[in-house]
Every structure is written in structure tokens, then in C-alpha cells.
Amino acid sequence: MDSLREPIRPLTLDVSNLPSVAFGELNTTWLANVFYMAIEGMMFALMFATYFYLRTRSQHWPPGHLPPAFKYGLANLVVFLLSLIPARLAQKRAPAGDLRAIRIGLAALSAFAILATVFRIFEFTVLNCRWSDDAYASTVWVLIGLHSGHLVTELIETLVLLVMSFTPKMEGTRLADVAINSDYWYFVVISGLLMDFVIYATTRFL
Amino acid sequence: MPVTEPIIEKDRQAHRLTPDPELPRRLERTWRQPGGIWGWFSNTDHKAIGVRFMVTAFIFFLLGGILAALIRLQLMRPENSFLGPDAYNQIFTMHGSTMIFLFAVPMMFQGFGVYIVPLMCGARNIAFPRLNALSYYLYLGGGLLLWIGLLTNTGPDVGWFAYVTLSGPGYSPGHRADIWAQMITFTEVSALGVAVCIATTILRHRAPGMTLNRMPILLWEKLVISIMVIFAMPAVMVASSLLLLDRLVGTHFFNPAEGGDVLLYQHLFWFFGHPEVYIIFLPGASIISTLVPCFCRRRILGYTPIVVSVIATGFIGFGVWVHHMFATGLPQLSESFFTAASLMIVIPTGVQFFLWMGTIWHSRLQLRLPMLWVFGYFFVFLIGGLSGVMLASVPLDTQVHDTYFIVAHFHYVLIGGALFPMFAGLYFWFPKITGRMANETLGKWHFWLFFIGFNITFFTMHFLGLRGMPRRVYTYSPDMHWQTLSAVASSGVFLMTAGVLVFMVNIFRSRMMGEVVGNNPWGDASLEWGTTSPPPSYNFLHPPTVNGRDALWDALPDQPVVVGLRDDIRETLVTHSLDTEPQHKDEDPGPSIWPFLASLTISATFVGSIFTPWAIPVGAPPVIITLIGWLWPRGHSPAPLPGIESWIH
């Protein structure tokens, strides 16, 4: 009878041996990063939609301006494409905790991001329009401004991780953060390429 | 041992839980939040932040309600001089903006979601609790900005959607429209942050066994709403940011003289604005889908069709925005398309309605207080839904556009779809939040006063609209013969106000001296009722596992619990998004003052940018410093024990 009075003890699911760090899509921050890329991707998409919507409201496009000059945009295109190599290196070697490769990858990525930011500053000087000229000019400036915000944010994040990689704190989940940082850099590159296509190519070829 | 592996009988005894009387004390020491003022601003417990969202949103509801009462007092009789046109414009703009941006979404999505979702998942805290805390402070900052604006005679006066050209630089000098636009930035950054936290919690922190096809409908709806927020809210941020740029630095997005376009603003706004209606309505529906089976004492009828309907609503909700723009002279083909889409979205809502009715039919219905509000919802929301079907038709919409018929329609939809489920939900989860039951008699007084008052006010407005009374006019001539109906509409406000006062008395009284209840006073099935009322700082002594759609009803007598999470650090369990197989352990980052400090620097930058564009470059370094302070790891390393860390790639 005593055993009947005693409540049944629940069974257990022991998770003590599960790993404490996950890379790739299993990582929760990876998922949040995907959500934030969706949010910011939506903003780019809406700005592109704004650009083409306004284009339907104008007889000439660009209206009374030369299209933005190629040179710094093209230089940045090359910088963005080359920067994919260190970004991928850091991402690839992060799970193994290869600090040397991570430092090289993050340092090179930071250098490319600084170069891209410098080129971007010059890019503003050859757009052949000022934001307050008309709606076309406003859209071009805001599009590049939106992308520049992402570029600078990503540069700061990469620099912080680079500094961290020279401290004992670069371990465990921070290594996963290095890999996620590269994902975000890919997003900055892809949105930059799309923006270049809209600003430079569609004004000339479409 | 993974939960999906069958446990062989002879191993059962070895896998039974060994009681540990010291465990609650150790968990409490690890998970408790710091005290004092500094601690209050460092708190990252989802329950505390959820309650703050609810209390703050309710205060804004009261403020918005006071504005509504002022509007009705002004319109009570013709040529009334109680409010002048300028004050009236500010008041109706503030009423709409407050109710939508500071009350409806923060209460229905953020408040309920942040409090309930982690408990319903069986998790110890929300994912990214610091982001969650930041979201609260930014929301509060947006609310304060708007209301300090009103109190300093800088209240926005351009309607809750701030259409250009009225809100543009040419017609709205000063900073009234800027305050509206920047309030949008605050509240939407907040909603986006919470959406990321809630979606990640649902996809990664569900209890083992709570596979996707066993997930409570409320969690399905919160997931769909989070994804809708992620894709809809950027549109209003783009719209309000472009408006600010037009006003402050001379861009021309909405200036037709320089190649801009006025309708572009409306497209951007309503591409957010209509999904927003479902972002407000779906949380209400999720409460109904939770309460109906509980009070009918049976499983919900048609779980799968309801889930499919919710997902369908999420998709179709993005394809109906132009029905807000039928009077703008768009091509007939697009009007026809959006009429069809607007009619189509009735189908998934209708499916849910019929399945709720089917669940109630022949059930052992317990008409307790929360269920009374559910029936109120059925009545009110049905009327709003039916007038919505009428308005999907272009000729009728054009006829009643900008009249009180529209005002009646959207109050039936929004108060029916959000406020009635909100009161149902507040009464339902009150015992979980406080450990005490709300008073049923006072609750019934609240219901009947509010229900009757609401219908007196808003049903009358249908007739006012059909007789041609336009919205947003501060007064009218006696020759229009609207005074009787207007006076009737205004009289309902007294009953609604009395109802809300009774509710507040009930909540304060029940909080102090309500009947103390156990873990599960309603006998509900979902996991939040499986822990104490109110839940401890760590939510569950042993994180639960799930054996069916109705977790507590389907639990075995010896339903397994999760063991092996460390109690000296804030370890949490991460499971697979689909089958909830345990994947790895994560660590909750714990309380921190940095989200609050970051909210201060971000708020200063946002507010400063209303006055000068230099606020952005000047404000950026402090923002960056506070964010680095927040994210820089401190204390022990992420997983110092045991020995060699094990990682999964």
C-alpha cells in the first residue's frame, strides 16, 4: 500500500552530455542573424521598389542628370568580391578554433571593409547629383546611405571581433560569432552588388 | 538519452528522477534578478519584461481612451466649442497613434508574447533576453516622446497615418509630424526586436516532444505574427524615414514638383498597415483558440485547418493593402484584384470561426469570466468582419470612404479582435501572473458595462456614416441632423469608462486579496500551467517534455523531465526546430544594465535627429560604445566545465 501512496517519480531525459557550442544553422544567434538580414533585406527591397516606382513617374531617367560615374563603384565591386576570401577563411576555420586563421581572416576582412568605406566616401562625390536635386537623386543617395550604414556597422563588428581574437575571450560561442559575422558580410556584399546593379547598370542599360 | 528513443522497461527505474530538495534554492540563486533601482533596469527576466509591456501598454490604453472620451464630448452636440480645431486634430491623431503603436501591438504581440511564449515552450527564459529588454525601453522611449510632444503643444496633428502632402514640409511646419515619424522608428525597432526573440524562442527552445504538429496554436500564431512583423514593419520604417528626410534635409520622395510621388507614401504605409491589422488580430485569435478548448473541456476541433488558416492569413495579409486606397483613383484592374484578395482573406478567418463554434457545440461549456469575453469577441468581431466584407467592394467603399461607417467598422474589428480577447486573456492568465484569481462578479460588471457601452457608441456610427458624417471634423452644423445619433454614440463612452474603472478596481483588489489559487486553476492543457503561480525565476524546476498536442492533458503519469542542465550557470536547452530533438545547451546571458544604457544613447540619437541631422554622427559613437559594452563577454568563459568542451559543427 505504501508504494501506492508514493507519487510516481517522473522519468528523466538527461542532456548533460550535449555540446555547449553549436555552429551553423543550429546556433540561435545564427537564426537571429537570418531574421535581421530578412528585416534589412526587406528595407533594401522597398528602397529598390521606391526607385523603380519613381522611375515610372518620370519621362527621363535619370531626370536631367548623367548616370553616376562608374569608377569608385567598380573599385568597390572588386573590393567586395575579394573580401569574400578572408570572410570565408575566418568562417571555415572558426569551428576548429584556429586562432591564426581567424586573426588573418578578420584582419584582411577589416582591411577590405576600410578600403570599401574609403571608396564609398569618394563614390558620393561622383554620383552626378545632390540628394536635394529631385526624387531620383534622393533615392540614389538614400540607397547608398543605407548600404553605407551596413558597411560601417559590419566594419565595427569585425574590428571588435579582431580585437577579441587577441584576448582569451575568443573561444566557445565567440568562435560561432566569427562564423556568423561572415554570413552578415555576405549579406552586405550581396546587397551592395544589387545596389550597384540598380544605380549603375539600370541607368545605362535598362 | 533522446526522448524519441523508447525506454526499455528494465531501465525505467534507473532513469527515474531522484528528488533533490536543494535544487530550487540553487536554481533561484543562479536565476534570480538583481534588486533595487539598478537591478530594475538590469532585469532580463521575460516575465518581468512581459508584465512591463502589458502595464505600460495598458497605461497608454487609458491615455488613448481619455482622448477618445474628449473626442466624443466634443462631438456630442453641434457647433460645440469644447475643443478647437487645432486641439481636436492633435487629439484624434494622438488617439489613433497611441492605440495602434503604443497599445494594440505592444499589448497583444509583445506583452502577451514575451510573458507567455517561453512558459508555453517549457523554456527557462526568452531567447536573447537583453534584446528583449532593450525593445521594452525603446518602446517606452517612443511612447514618452509622443506624449511629451502632446503635453508641450507639439502633438502630431496629421492623422495616425500622417499622409503626405499634409505631413510634408510644405503643410506641416514645426516638429509635430517629425515626432510622429520618429515615434514610429522607436516602436517598430522594438516590435522587430521582440519578433526576433519570440520566433527564435519558438523555433529553438521548445520542450522536447513538442514537435511542430504538436505545437499549441498560440505558438503557431506567435510564430506567424513574428514573421509578419519582420516583413511588414520595415515598410513603415522606410515610409516614416523618407518622410523625415523630406522634412529635415530636403529630399523629394513625396514631392510631385520634383519627381516624387504622393501615392508612394500610401503604398509604403499600407504595405505595412494592412499586415498590421492581422498583427493585431492574430494574437486575439490565438487567445480565443487557447481559451475555447480549455473552457469546453475538449480538444480543439480542426487543429490542422486552424494552423493552415493562420498561415494563409499571414500570406494573404500582404496582398490586400490597396483596399485602403480605393478612393485614390488607381486603375480598375488593380482595384478588382485587391477586392478579390480582400474577400479571399475572409475564408481563413471564417474557417477559424466555424471550428471554434464546432468545438463549443455539444461540449461541456464552462461559462467562466474569460469565456464571457470570448463570446463578446464572437459577437463584436463578427459584425466588424461582415462590414469588412461589404467594404471590400469598391463602389460601397467609395461611397462611405472617410465617413463614420469606416470608423464603426474598424472599431468593431480592432476592439472586437484585440480588446475583447485581451480582457479574456488578462482574466485567464491573471492567476498565473499573480497567483490569485480575479473577482468573477466584478469581471461580469466590467463585461456588461463595456459590451453595452461599446455597441451603443460604435453601432450608432454605422448610421452616422451612412448619413454622410465625415471623419476627422471637429464639429458640424445642426442642419446636418447628426446630433441625435452623435449624442447617442457619445453616451456609450460613459458605460465603457465605467467598465474599465471596474476592471482596474478588480485587478488592484484581486492582486491584494484575490483567492489564492494553485498551479492550474482552469485545468488547462498548456505547459505554463505546469509550473507554480506565479512561476519562479527559472520557470520550471525541471524543464518539461511533451507527449501530445495538449501537453498537460496528454502527459503520462511519469512523463519525463529534462535533467542535466547545470544549476550554477544559466544553462538552457536548445532543441531542433522541427522534431525538438535536444541539440545542445546554450547559456542565458543574464541581467545587464547595458541594454538600458544602449536604449538611452539610441533614444538620444533618434530624438536629436528630429532637430539636426548632425545628431546621427554625434550620437553614433555613444551608441557603438554601449553596444560593445553590452556584447563584450565578461565573467566566466562560456562553458568552462567539464574538461574539454564538446562542440557540434
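Everything numeric here is computed off the predicted structure, so don't read it as measured data.

Novice: Help me understand the overall build of chain A, please; the structure alone is not making it clear to me.
Specialist: A tally of helices and strands in chain A yields six helices and two strands. In sequence order, the secondary structure elements of chain A are arranged as α-β-β-α-α-α-α-α. The C-alpha atoms of chain A give a radius of gyration of 23 Å, which is well past the 17 Å a tight globule of 206 residues would have. Each of the three principal axes of chain A carries a C-alpha extent, and together these read 95 × 45 × 25 Å. Relative to its 206 residues, chain A shows a buried fraction of 45%. Counting only contacts in chain A whose residues sit at least 6 apart along the sequence, the fraction spanning at least 24 positions is 81%.

Novice: Help me out: how do you make sense of the overall build of chain B in this one?
Specialist: Scanning chain B from terminus to terminus reveals 20 helices and four strands. For chain B, the C-alpha radius of gyration of 25 Å lies close to 26 Å, the compact-globule estimate for 649 residues. Projecting the C-alpha coordinates of chain B onto the three principal axes gives extents of approximately 85 × 65 × 50 Å. Sorting the 649 residues of chain B into buried and exposed places 54% on the buried side. Taking the contacts inside chain B whose residues are at least 6 apart along the sequence as the reference set, 80% of them involve residues at least 24 apart.

Novice: What is the right way to look at the interface of chain B and chain A in this model?
Specialist: Interface size is commonly expressed as the accessible area that is lost once the parts come together. Residue-level contacts link 62 residues of chain B with 49 residues of chain A. Only α7 (176-204), α8 (217-248), α9 (262-296), β1 (561-563), β2 (571-575), β3 (582-587), α20 (615-631) and β4 (647-648) of chain B provide two or more residues apiece to the side of chain B that touches chain A. Taken together, the three bridges between strand β1 (residues 12-14) of chain A and β1 of chain B define a ladder with parallel strand orientation. Bridge assignment links Thr12 of chain A to a residue of β1 of chain B, and that residue is Val561 of chain B.

Novice: It is not clear to me how unusual backbone geometry should be interpreted in this structure. Could you clarify?
Specialist: Negative phi characterises most residues that are not glycine, and trans characterises most peptide bonds. Cis geometry is adopted by the peptide bond preceding Pro62 of chain A, which originates at Trp61 of chain A and carries an omega value of -5 degrees. Residue position: Pro62 of chain A is located in the loop between α2 (28-56) and α3 (71-93). A cis amide bond links Val164 of chain B to the next residue, Thr165 of chain B, at an omega of 5 degrees. Within the secondary structure, Thr165 of chain B sits in the loop between α6 (129-151) and α7. Even without being glycine, Glu79 of chain B reaches a positive phi, approximately 50 degrees. Exposure remark for Glu79 of chain B: the 9 C-beta atoms within 10 Å place this residue in the exposed category. A positive phi is found at Asp402 of chain B, a non-glycine position, where the angle reads about 60 degrees.

Novice: Quick question: what am I supposed to make of helix α19 (residues 594-611) of chain B here?
Specialist: Turn by turn, an α-helix covers 3.6 residues, leaving residues three or four places apart pointing in a common direction. All names here are of chain B. Its 18 residues place the ends of α19 26 Å apart at the C-alpha level, agreeing with the 26 Å of an ideal helix rising 1.5 Å per residue. Three or more residues of α19 are buried, namely Pro595, Phe596, Ala598, Ser599, Ile602, Ser603, Phe606 and Ser609. For α19, the angular spread of the buried residues around the axis is 155 degrees, confining them to a single face.

Novice: Would you take a moment to explain the pairing of β3 of chain B for this structure?
Specialist: Side chains on a regular strand alternate between the two faces of the sheet. Residues and elements named next belong to chain B. Taken across its six residues, β3 has five buried, putting it largely inside the fold. Of the pairings in the sheet, the one linking β2 to β3 comprises five bridges and is antiparallel in character. Among the inter-strand pairings, Thr575 is bridged to a residue of β3, identified as Pro582. The antiparallel hairpin formed by β2 and β3 contains six residues in its connecting segment, where Thr580 sits at a positive phi of about 55 degrees.

Novice: Honestly, the packing of helix α5 (residues 85-121) of chain B against helix α15 (residues 404-434) of chain B in this entry has me stumped. Any pointers?
Specialist: When two helices pack together, their arrangement is captured by the angle between the axes and the distance separating the axes. All names here are of chain B. Packing of α5 against α15 brings their axes to within 11 Å, and their N-to-C directions diverge by 30 degrees. On the basis of their axis angle, the class for α5 and α15 is roughly parallel. Regarding α5 and α15, the two cross each other, and that crossing is left-handed. Residues Ala104, Met107, Met108, Phe112 and Ile116 of α5 lie in contact with α15, whose contacting residues are Leu414, Ala418, Met422, Gly425 and Trp429.

Novice: Even after reading the chapter, I still don't get the nonpolar core, so can you show me in this structure?
Specialist: In globular proteins that are soluble, nonpolar side chains generally tend to be buried together. The biggest cluster of nonpolar side chains holds 208 residues, and the ones touching the most others in it are Val229, Ile279, Leu291 and Ala424 of chain B. Filtering out sequence-adjacent residues up to four positions away, Leu291 of chain B remains in contact with Pro370, Met371, Val374, Ala424 and Phe428 of chain B. Membership of the second largest hydrophobic core comes to 36 residues, among which are Ala22, Val79, Ile102 and Val178 of chain A.

Novice: I keep staring at the pairing of β2 of chain B and nothing clicks. Help me out?
Specialist: In terms of burial, β2 of chain B is a largely internal element, five of the five residues being buried. Burial along β2 of chain B is two-sided: Glu571, Leu573 and Thr575 of chain B facing one way and Thr572 and Val574 of chain B facing the other are all buried.

Novice: Is there a simple way to explain α9 of chain B in this structure?
Specialist: Between its terminal C-alpha atoms α9 of chain B stretches 51 Å, which fits the 51 Å expected from 35 residues at 1.5 Å a residue. By the criterion of burial, α9 of chain B is predominantly enclosed, with 32 of the 35 residues buried.

Novice: How should the packing of α6 of chain B against α7 of chain B be read in this particular structure?
Specialist: Residue and element names in this part refer to chain B. Relative to each other, α6 and α7 sit at 160 degrees, their axes nearing to 8 Å. Classed by the angle they form, the pair α6 and α7 counts as roughly antiparallel. α6 and α7 meet at a crossing whose hand is left-handed. Residues Leu131, Asn132, Leu134, Ser135, Leu138, Tyr139, Gly141, Gly142, Leu145, Leu146 and Gly149 of α6 form the contact with α7, whose participating residues are Ile179, Gln182, Met183, Phe186, Thr187, Val189, Ser190, Gly193, Val194, Val196 and Cys197. Here the contact of α6 with α7 is composed, by residue class, of 13 nonpolar, nine polar and no charged.

Novice: It is not clear to me how the environment of Ala498 of chain B should be interpreted in this structure. Could you clarify?
Specialist: Within the element layout of this structure, Ala498 of chain B appears in helix α17 (residues 483-513). You can call Ala498 of chain B partly exposed: it has 15 C-beta atoms within 10 Å.

Novice: Teacher, can you tell me more about the confidence of the model for chain B here?
Specialist: Where the model shows low pLDDT, its predicted coordinates should not be examined in detail. On average, residues of chain B score 94 in pLDDT, and 96% of them reach the 70 mark or higher. Predicted confidence for residues 638-645 of chain B stays below pLDDT 50, and this span has 12 contacts to residues more than four positions away or in other chains.

Novice: What exactly am I supposed to notice about the environment of Gly39 of chain B here?
Specialist: Residues and elements named next belong to chain B. Secondary-structure assignment places Gly39 in helix α3 (residues 36-42). Owing to 13 C-beta atoms within 10 Å, Gly39 belongs among the partly exposed residues under this scheme. When the C-alpha positions of Gly39 and Ile593 are compared, they lie 7.8 Å apart, and in sequence the two are 554 residues distant.

Rules and cut-offs
Residues numbered from 1 in each chain as written. Chains lettered and ligands numbered in written order. Predicted model: local features only at pLDDT ≥ 70, side-chain atom pairs only at ≥ 80, totals over all residues. Helix = DSSP H or I, 4+ residues; strand = E, 2+ residues; numbered from the N terminus. Rg over C-alpha atoms; globule rule 2.2 N^0.38 Å. Buried ≥ 20, exposed ≤ 12 C-beta atoms within 10 Å, placed from the backbone. Contact = placed C-beta atoms within 7 Å. Pairing = 2+ DSSP bridges. Expected span 1.5 Å × (residues − 1). Arc of directions from axis to C-beta. Axes fitted to C-alpha atoms, helices over the stretch in contact; angles between N-to-C directions. Parallel < 35°, antiparallel > 145°, perpendicular 65-115°, else oblique. Left-handed = near helix turned anticlockwise from the far one by under 90°. Core = buried A, V, L, I, M, F, W, Y, C linked by C-beta atoms within 7 Å. Nonpolar A, V, L, I, M, F, W, Y, C, P; charged D, E, K, R; others polar. pLDDT = per-residue confidence, 0-100.

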